[in-house]
Every structure is written in structure tokens, then in C-alpha cells.
Amino acid sequence: MTRSKHVDFWKNSLIGLVFVFLYLPILVIIVFSFNTSKLNILFKGFTFKWYALVFHNVQIMSALENTLIVGIISTALATIIGTLGAIGMQKYNFPGKAILDKVLYIPIVIPEVVLGIALLSIYSLAGIPLSLFSLILAHVTFCIPFVVLTVRSRLVGIDQTLEEAALDLGATPLKAFIQVLLPLLIPGIISGAGFSFALSIDDVIISFFTTGPASTTFPLQVYAMVKTGITPEINAISTLMMLVIVVGIAANAIFQVSKLKRSKRK
Amino acid sequence: MKEMIRLSSIKKNYGDVKIIKDLNFTVYEGEFLTMLGPSGCGKTTTLRMIAGFEEPTSGEIMLNEKPVSNLPPYKRKINTVFQNYALFPHLTVAQNVGFGLKMAGVPKVKRGPQVEKMLKLVQLEGYGNRKLDQLSGGQKQRIAIARALINHPQVLLLDEPLSALDLKLRKQMQLELKRLQRKLGITFVYVTHDQEEALMMSDRIAVMNKGHLEQIADPRTLYEQPKTCFVANFIGESNIFYGKVSEITKTDTKVTIENGYLTLQSDKPVFEKQIVNIVIRPEKVKFSTTEVPGFHIPATVAEHYYAGNVNKSVLRLPNGMALKMTSAGDQKLPEIGKSGFVYWELADAILIKTTSDDVFKAVDNPDFSMVNQMGGD
Ligand SMILES: Nc1ncnc2c1ncn2[C@@H]1O[C@H](COP(=O)(O)OP(=O)(O)OP(=O)(O)O)[C@@H](O)[C@H]1O
Ligand SMILES: [Mg+2]
């Protein structure tokens, strides 16, 4: 008995240690974001001023705006292109399909630096100026494969005869798509879009290569600020970002649980 | 009778593979026609061409005496009951059944009563708000039928609609489908590879084999007058002899087979030296210890099986061929090992004129081992 108690003790402290490693740094950031002192060494007193500073920092706010613009537009584009691409690749046979199948996953596996440089050289070759536009183009590029991947994994689970059944019952191909295929694909499309948005808003490396001086993004801005030392302002930004993510995750969890309950009740 | 569907010289290739080879038949209005054939013979392909999901490589399909080659599936007044039901999983029962109406632009308020009427027809009143995963297999099947019928199609295509159900439910649904078809008077084109189901339900059966039509006829004709060895074998049980017309006199037509000879009714249109197949159904086979005039086919009783109301026996012929014999359950059976002769009433023999194709098929069948030895004749 005592032996197993010993084991329990060690097991628990190991798990505890893992959590400390994971969450202590985060906790430190949160705590120091409220610190009156500019130095991250001693907690001198409680203040919200860094948060106020963040919201009044024009650079940060415009970078945030850029990130959201790029995130939303590139997610929308990648989702549409990726979804249609996945459907096309599932439905039709065309020469080179097997090759395209493999090539599609290159943007996922190659180092981001390589993709960034590749895009940069294409832009300079084609004479495309580095701006929000080039940035969006770059983000669409690396988001598409993720959308294709998620939509496709959903597609393979959908019975092909469902669309034929719709046609059989008088639906035009477009109506069959809207009424049958699309509703069934929605979960895959949403998770593909979610993936894209998450990838887009926190991308640093590819954005670094493909953005212009006037269109810096939030992660790049933070990155630039960190170079001169970690200020409480950065801590405040990080805390805010964490808050957004935690709220997002919690909302999703609540939504899923209530959906589960609803379907169980029926 | 009004013509509903006509297939003229339909051919279908997938790449270089000829799946359907020159299919011709007509389905009449209000008819229950079954396409019957072994797996892979092209039944589903034919159905899909009628529905419009597949285009014939050549030939013409007529619906109501008008060619439909330019009509996409959604413009044909034909509906399909799919083998796997193909119900829309994201919709309720009522939404599934009402889908056809919605596509036809019927407003929601008018759909409700029609959907309810259809559900009543398939005896699922009040199931409208259910989700599909709350239905049994048989219920799903009936929803699929209701969904296909709501637009009042001229033709209903059913591709093995009952194959996923267990035996008891299948029997019940067979009766229900037949009742529905009679009540609505809709033309049914039904696919199955269950011959009993086909015989029971159909007005006519189109027996298919390797992409062509073997014979199309009503169930009784198919059983009593099969045109090919394939049909004789596929519909019910058969004994098939392979032989050569050896002698034609005024009163007799004698056919020599490997195990002896037999006599045909003299009115059969054959000529001397012609190669023929003679089909005799197991229930028509008789056994006697003494020879019967006109026949010389020695046989030994090999096995008996008791099958409820009938006895099934196997008789062994000199060349090893197993001859099936069925007799009434209360009849006295000859002892196993007993030797004698088989014969039958002249009228019970079915003559099949052999084409080279048929001989080939005979070789495929282990029952025809004699063909191998006689071959080349
Ligand atoms: N899309 C296709 N491409 C190539 N060959 C096909 C295609 N669809 C069917 N076939 C072939 O055509 C032949 C006939 O198929 P079909 O599905 O019509 O058979 P079936 O009579 O319905 O058989 P079953 O009773 O098993 O359903 C089969 O050999 C099949 O492999
Ligand atoms: Mg089939």
C-alpha cells in the first residue's frame, strides 16, 4: 500500500511540474502586465495603464487592423477556392490529378522560410508591389491546402449517390449542390476556415517576406517591439490575446456541449 | 398497351470494356418489369441510363415514345429508389419526402399535406419530424419510396430496394411494394438478383446475362419455355442434356446423348444432325427400374434429401452427371444404390436450339461435364 502511495506521490508531482512549466510563464506575463514598474523583475503595484497605452498605440492598432483584414479576406478566399478545389478533385478525373494531389501538400510541409522567399521572388519577378495585397495573396496560398484537406476528409464520408438522388428528384446541379452537398460539407468548411484564420493571424515568417512597410501585421509589430526588450505593454498585448483565445475556446466548448445535449434530448 | 420505355440497340462501354451489348426491350405503361441477372451483368448500368445518370455509348432510350438522350435526370419524369436509400442525412423525414416538391417550386404550406399523404401511403404517418437515425432499415426503405413517389413519376426505378433487409422484412416489403404498384398504377422497373422475388412480383422479367438480354417474358413462360440454357438454369432448377438429333421419323424424333438416347415430341422443329440442348425440370423427372419405350438413360439412385413438402433426389448417370429429381413428399422413394432408368413425359421436355454461345456457357457449368467429353462434335 505504502509503495503505491509513493508512486502516486511521484506521479502527481510530475504532472504538477509539467503544468508549472507550461503555465508559469503565462502566469508571469499576466501578472507583470498589471505591474506599475517598467521592469519585469519586481511587482511594484497594480495598474491598467499598459492596457490603455496599447489601445492608444497607433502602430499596434493599425497592425491589428491589418491582421484582421488579411485574416478575414484570405480566409474567405482560401475557403472558397479550397472548397471548390476539394470538390473538383473528388468529382472529376483529369490528367495530372495524382500529381496535383501530392503537390497540394507542399505548402504544408516545406519550411515557411522557403515559401516566403519563393513568394517574394515571384512578386518581384511579376512586379507586384509589397502591400496588403501581396500579403493576402501569400496567406491565401498557404491556407488553401488546409481547407482542401479538411473539406476533402469530410467529402469522402459523403455518399455520392445523395447528389444523384437530388438530381433524380428534380434538382438542377446547382440546387443539388446548395441543398445537399453544401449543408453536409459545412462542418468541414468551417474547420478549414478556422484553420486558415488561425494560421493567418499568427503567421510571422511568410508575412515577414511578403509584406510592405505600410502594411505590417500584428505579430510582426509585436516581434519588432520585442527586439528592444520586453515591456509591460507587450505583456498587456499578450494577455489580451490570451483572453480572446480563452473566450473563443470556452464559447466553442459551451456551444458543442449544448448541441450534444440538444441532440441527446431528441 | 401503351409503350412507356423503349430501349433500342443500347450499348454501353466503359473505356474498352463493353458492359452492355445491344440491349432491346420495351416496358409498357403500368407494368411491373424486373431485370434479373447475376452480379455484374449490367442491371444497375441499364437503370442508370434510364434515369439519366449515365449516357449510352450508342442507341436510343425512348420515354413515352420520345427520345430522352437530351434530357438530364432532373427533367425526366422518372424517379429512383436507390439500393442504399440515399436519404438526405441532414433533413428530417418530412423534408426528405418533400424534397421533390420543393425542387418543383411548390410552396411550403402546400407541401405539408402532400408529404403527410405520402407518409400515410407507406404507413408511416406522424413520422415527419423524425431524424433519419431514429428509423429502422425497413422504415428508411419506405421513406425512400415515398420520396420517389411524391412527384408522381411515370416510371419508378428500383435498384435492389430490398437487398439490405432481413428475410422476414423483405417478404413483407415485397407484398407492400406490389400493393403500392397496383394501387398507383405506376410503371415499375425493378432490379434484383433474387429469382424468387422476381417471379413473385413481376408482370414480366427481363433476364440479363453479361450485358445482353437472354429472354423477356412473363414468369410462367420463362419457367416453362426458357429460350436459352442460361435462363433454364437461372430460373428454377434444371437438368440440361447436350445432344445431337440422330433420327427423325414420322412419329419420333430421337436425340442421342452421351448417356444414351431420348425422344422428342415429333412436332419440334429440328433437323437431323442438329446439336440441341434438352431441358427437363427436376419435378418432371421419373425413375423406373424397367426401361420405358423411347428412352434409354440408365441411372443409379445416389442421394435423397428431405425438403418438407418435397423430396429431392440425385440420380447418377453413367458418365457421372448428377440428375436432379424432385418428387412429392408422400411418394415412395427408390432405395439408394438402386439401378434403373430415367424418363419423362414427352411434353415435359424443353428443346433449346444451341448456338455456339450456349455451348460455351454449358462448359462453364460443372453440371455439363459431358460436354467436355463430347465436344467438337
Ligand atoms: N463507372 C464504371 N466504370 C467502369 N466499369 C463499371 C462502372 N460501373 C460499372 N462498371 C462495370 O460494369 C459491369 C456492370 O455493372 P452493374 O453495376 O451494372 O452490374 P449489376 O448487374 O448491377 O450487378 P450487381 O447485381 O452486383 O449490382 C460490372 O462489371 C462493373 O464492374
Ligand atoms: Mg447493381
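Residues numbered from 1 in each chain as written. Chains lettered and ligands numbered in written order. Predicted model: local features only at pLDDT ≥ 70, side-chain atom pairs only at ≥ 80, totals over all residues. Heavy atoms only, no water.

As recorded in an unreviewed UniProt entry, chain B goes by Spermidine/putrescine import ATP-binding protein PotA and comes from Lentilactobacillus farraginis DSM 18382 = JCM 14108. Listed under Function (unreviewed entry) in UniProt, the entry text for chain B is "Part of the ABC transporter complex PotABCD involved in spermidine/putrescine import. Responsible for energy coupling to the transport system." Turning to chain B, the UniProt record has this under Catalytic activity (unreviewed entry): "ATP + H2O + polyamine-[polyamine-binding protein]Side 1 = ADP + phosphate + polyamineSide 2 + [polyamine-binding protein]Side 1." (UniProt positions renumbered as here; feature names shortened; annotations may be inferred.)

Taken directly from UniProt, the Subcellular location (unreviewed entry) text for chain A runs: "Cell membrane". A UniProt comment under Sequence similarities (unreviewed entry) is attached to chain A, and it reads "Belongs to the binding-protein-dependent transport system permease family. CysTW subfamily."

Some remarks on the overall build of chain B
Scanning chain B from N- to C-terminus turns up eleven helices and 20 strands. The dimensions of chain B, computed from C-alpha atoms along their principal axes, are 80 × 45 × 35 Å. Buried residues in chain B amount to 50% of all 377 residues. Considering only intrachain contacts with a sequence separation of at least 6, the fraction spanning at least 24 residues in chain B is 68%. Of the roughly 17,300 Å² of accessible surface on chain B, 51% is carried by carbon and sulfur atoms. With 49 positive and 41 negative side-chain charges, chain B shows a spacing of 9 Å between the two charge centroids. (Helix = DSSP H or I, 4+ residues; strand = E, 2+ residues; numbered from the N terminus. Buried < 20%, exposed > 50% of the residue type's maximum accessible area, 1.4 Å probe, protein only. Contact = heavy atoms within 4.5 Å. Areas by Shrake-Rupley, 256 points an atom, 1.4 Å probe, with all protein chains shown as cover. Lys, Arg positive; Asp, Glu negative; His and termini not counted. Charge placed at Lys NZ, Arg CZ, Asp CG, Glu CD.)

Some details on the overall build of chain A
Helices and strands together make up the secondary structure of chain A, namely twelve helices and zero strands. Listing each helix as α and each strand as β along chain A from the N terminus yields α-α-α-α-α-α-α-α-α-α-α-α. Radius of gyration (C-alpha) of chain A: 24 Å, far over the 18 Å computed for a compact globule of 266 residues. Counting only C-alpha atoms, chain A reaches 75 × 70 × 35 Å along its principal axes. For chain A, contacts bridging at least 24 residues in sequence account for 68% of all contacts bridging at least 6. Here chain A has roughly 16,000 Å² of accessible surface; of this, 76% comes from carbon and sulfur atoms. (Rg over C-alpha atoms; globule rule 2.2 N^0.38 Å.)

Considering the domain arrangement of chain B
Residue and element names in this part refer to chain B. Along its sequence, chain B is carved into domain 1 (3–229) and domain 2 (239–353). Spacing between the C-alpha centres of domain 1 and domain 2 amounts to 40 Å. Between domain 1 and domain 2, the residue contacts involve seven residues of the former and six residues of the latter. The junction of domain 1 with domain 2 conceals about 570 Å² of combined surface from both sides, 60% of it contributed by carbon and sulfur atoms. It is Y223, P226 and C229 in domain 1 that bury the most area against domain 2; as a group they hold 81% of the surface buried on that side. Per-element tally for the side of domain 1 that touches domain 2: the top contributor is helix α8 (residues 219–224), with three residues. For the side of domain 1 that touches domain 2, the residue count by class is four nonpolar, one polar and two charged. (Domains from an automatic or database assignment. Buried area = accessible area lost by both parts, 1.4 Å probe. Nonpolar A, V, L, I, M, F, W, Y, C, P; charged D, E, K, R; others polar.)

Comments concerning the interface of chain A and chain B
Opposite the 19 residues of chain A that make contact, chain B presents 24 residues. Here chain A meets chain B over a buried area of about 1,900 Å², counting both sides, of which 62% is carbon and sulfur. A salt bridge links R48(B) to E164(A), with the nearest nitrogen and oxygen atoms 2.8 Å apart. Those elements giving two or more residues to the side of chain A that touches chain B turn out to be α8 (161–168) and α9 (173–201) of chain A. Here the residues of the side of chain A that touches chain B sort into ten nonpolar, four polar and five charged. (Salt bridge = Lys/Arg side-chain N within 4 Å of Asp/Glu carboxyl O.)

Overview of the site of ligand 1
Residues and elements named next belong to chain B. By nearness alone, every residue bordering ligand 1 is listed as Y14, I19, S39, G40, C41, G42, K43, T44, T45, E160 and H193. A distance of 2.4 Å is found between an oxygen atom of ligand 1 and a side-chain nitrogen or oxygen belonging to S39. Contacts to ligand 1 include C41, whose backbone N or O atom sits 3.2 Å from an oxygen atom. Protein contact buries 58% of the 630 Å² of open area that ligand 1 shows by itself. The greatest single-element share of the shell around ligand 1, amounting to three residues, is contributed by helix α1 (residues 43–51). Tallied by class, residues from the shell around ligand 1 come to three nonpolar, six polar and two charged. (Near = heavy atom within 4 Å. Polar contact = N/O pair within 3.5 Å; in protein donor to acceptor, adjacent residues only side chain to side chain.)

Some details on the packing of helix α6 (residues 112–126) of chain A against helix α7 (residues 132–155) of chain A
Residues and elements named next belong to chain A. Two numbers describe how α6 lies on α7: the axes approach to 11 Å, and their chain directions differ by 135°. Regarding the angle of α6 to α7, the classification is oblique. The two elements α6 and α7 cross, and the hand of that crossing is right-handed. Contacts between α6 and α7 involve L115, L119 and Y123 from the first element and S134, L137, A138, T141 and F142 from the second. Taken together, the residues of the contact of α6 with α7 break down into six nonpolar, two polar and no charged. (Axes fitted to C-alpha atoms, helices over the stretch in contact; angles between N-to-C directions. Parallel < 35°, antiparallel > 145°, perpendicular 65-115°, else oblique. Left-handed = near helix turned anticlockwise from the far one by under 90°.)

What to know about the UniProt feature "domain: ABC transmembrane type-1" (unreviewed entry) in chain A
Here the UniProt-annotated "domain: ABC transmembrane type-1" (unreviewed entry) positions come out as residues 64–255 of chain A. Helix makes up 80% of residues 64–255 of chain A and strand 0%, and the two end C-alpha atoms of the span are 27 Å apart.

Here's the deal with the pairing of strand β19 (residues 339–343) of chain B
Residues and elements named next belong to chain B. Summarising burial for β19: four of the five residues are buried, a large majority. In terms of strand pairing, strand β16 (residues 298–307) meets β19 through three bridges, oriented antiparallel. Across the sheet, T300 pairs through a bridge with S339, a residue of β19. (Pairing = 2+ DSSP bridges.)

Structural notes on unusual backbone geometry
Residues and elements named next belong to chain B. Unusually for a residue other than glycine, A86 sits at a positive phi of about 50°. Within the element layout of this structure, A86 appears in the loop between β6 (78–81) and α2 (93–97). With a phi angle near 50°, H152 is a residue other than glycine that sits in the positive phi range.

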